[in-house]
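Working through the structure, step by step
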Amino acid sequence: MSKRGAGHSGGGMGMPGNMNNLMKQAQKMQKQMEEQTKALEEKEFSTTAGGGAVEITVTGSKKVVSIKLDEDVVDPEDVEMLEDLLVAALNEAFDKVDEESEQVMSKYTGGKGGGMPGMF
């Protein structure tokens, strides 16, 4: 019985230190995630459509910063084409934001849509 009791008490003594270590690592990881998320939100992403006729810049928080149009693409007879180019450029810009966001977060989640590495 003394061997069993000693084994349990030795294992129990190490656990609080390990938990403190885990908590410190988790807090450090959370701070790094917050910093990288903020940096991503402030970053700008630009895309073009129609061979450069439309250029759109958005932030990492998906706010439109600017839209530049080549004057040749502004045709009152073909507004639908301009609308399509704007939609295409916006979607591409938002896709870029999503891709970079996914890359940043995958460092902490262990890949696409996964939980924290080593958890669950």
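Residues numbered from 1 in each chain as written. Predicted model: local features only at pLDDT ≥ 70, side-chain atom pairs only at ≥ 80, totals over all residues. Heavy atoms only, no water.

**Things to note about the overall build of the chain**
Per the secondary structure count, the chain includes two helices and three strands. When the helices and strands of the chain are listed from N to C terminus, the series reads α-β-β-β-α. Counting over 120 residues, the chain shows a buried share of 17%. Within the chain, counting contacts between residues at least 6 apart in sequence, those at least 24 apart form 43% of the total. Of the roughly 9,000 Å² of accessible surface on the chain, 54% is carried by carbon and sulfur atoms. (Helix = DSSP H or I, 4+ residues; strand = E, 2+ residues; numbered from the N terminus. Buried < 20%, exposed > 50% of the residue type's maximum accessible area, 1.4 Å probe, protein only. Contact = heavy atoms within 4.5 Å. Areas by Shrake-Rupley, 256 points an atom, 1.4 Å probe, with all protein chains shown as cover.)

**Examining the confidence of the model for the chain**
This prediction gives the chain a mean pLDDT of 84; 79% of its residues lie at or above 70. Helix H1 (residues 2-42) is the least confidently modelled element of the chain, averaging 76 in pLDDT, while strand S2 (residues 54-59) averages 97, the highest of any element. Taken together, the stretch residues 5-11 has pLDDT below 50 and engages in zero contacts with residues farther than four places along the chain or on a different chain. (pLDDT = per-residue confidence, 0-100.)

**A look at a nonpolar patch on the surface**
Together, Val64, Ile67, Leu69 and Val74 make up an exposed nonpolar region whose accessible area comes to about 330 Å². Inspection of the secondary structure puts Val64 in strand S3 (residues 64-69). (Patch = residues over 30% accessible without salt bridge, like charges linked within 9 Å, V, L, I, M, F, W, Y side chains within 5 Å. Salt bridge = Lys/Arg side-chain N within 4 Å of Asp/Glu carboxyl O.)

**Regarding the side chain of Thr59**
On the secondary structure map, Thr59 appears in strand S2. A polar atom in the side chain of Thr59 sits 3.0 Å from the side chain of Ser61. Once you skip the residues sitting within four places of it in the chain, Thr59 turns out to touch Glu41, Lys43, Glu44, Phe45, Val65 and Val97. (Polar contact = N/O pair within 3.5 Å; in protein donor to acceptor, adjacent residues only side chain to side chain.)

**Focus: the side chain of Thr57**
Locating Thr57 in the fold gives a position in strand S2. For Thr57, the side chain forms a polar contact with the side chain of Ser46, separated by 2.7 Å. Dropping the residues within four chain positions of it, Thr57 is found in contact with Glu44, Phe45, Ser46, Lys63, Val64, Val65 and Ser66.

**A look at the environment of Leu40**
Here Leu40 shows up in helix H1. The class for Leu40 is buried, based on a relative accessible area of 8%. If sequence neighbours within four positions are ignored, Leu40 has contacts with Phe45, Gly60, Glu100 and Ser101.

**Comments concerning the sheet that holds S2**
Ordered by their spatial adjacency, three strands build an open sheet running S1-S2-S3, and the pairing between neighbours is antiparallel. Only two strands of the sheet have a single partner each, and these edge strands are strand S1 (44-49) and S3. Across the sheet, the mean angle from the axis of one strand to that of its neighbour is 15 degrees, orientation sign disregarded. Both S1 and S2 contribute to a ladder of six bridges, which runs antiparallel. (Pairing = 2+ DSSP bridges. Axes fitted to C-alpha atoms, helices over the stretch in contact; angles between N-to-C directions.)

**Quick notes on the pairing of S3**
Alignment of S2 against S3, held across five bridges, turns out to be antiparallel. Pairing of Val54 across the sheet is with Leu69, part of S3. In this antiparallel pair of consecutive strands, S2 and S3, the connection spans four residues, and Lys62 shows a positive phi of 65 degrees.

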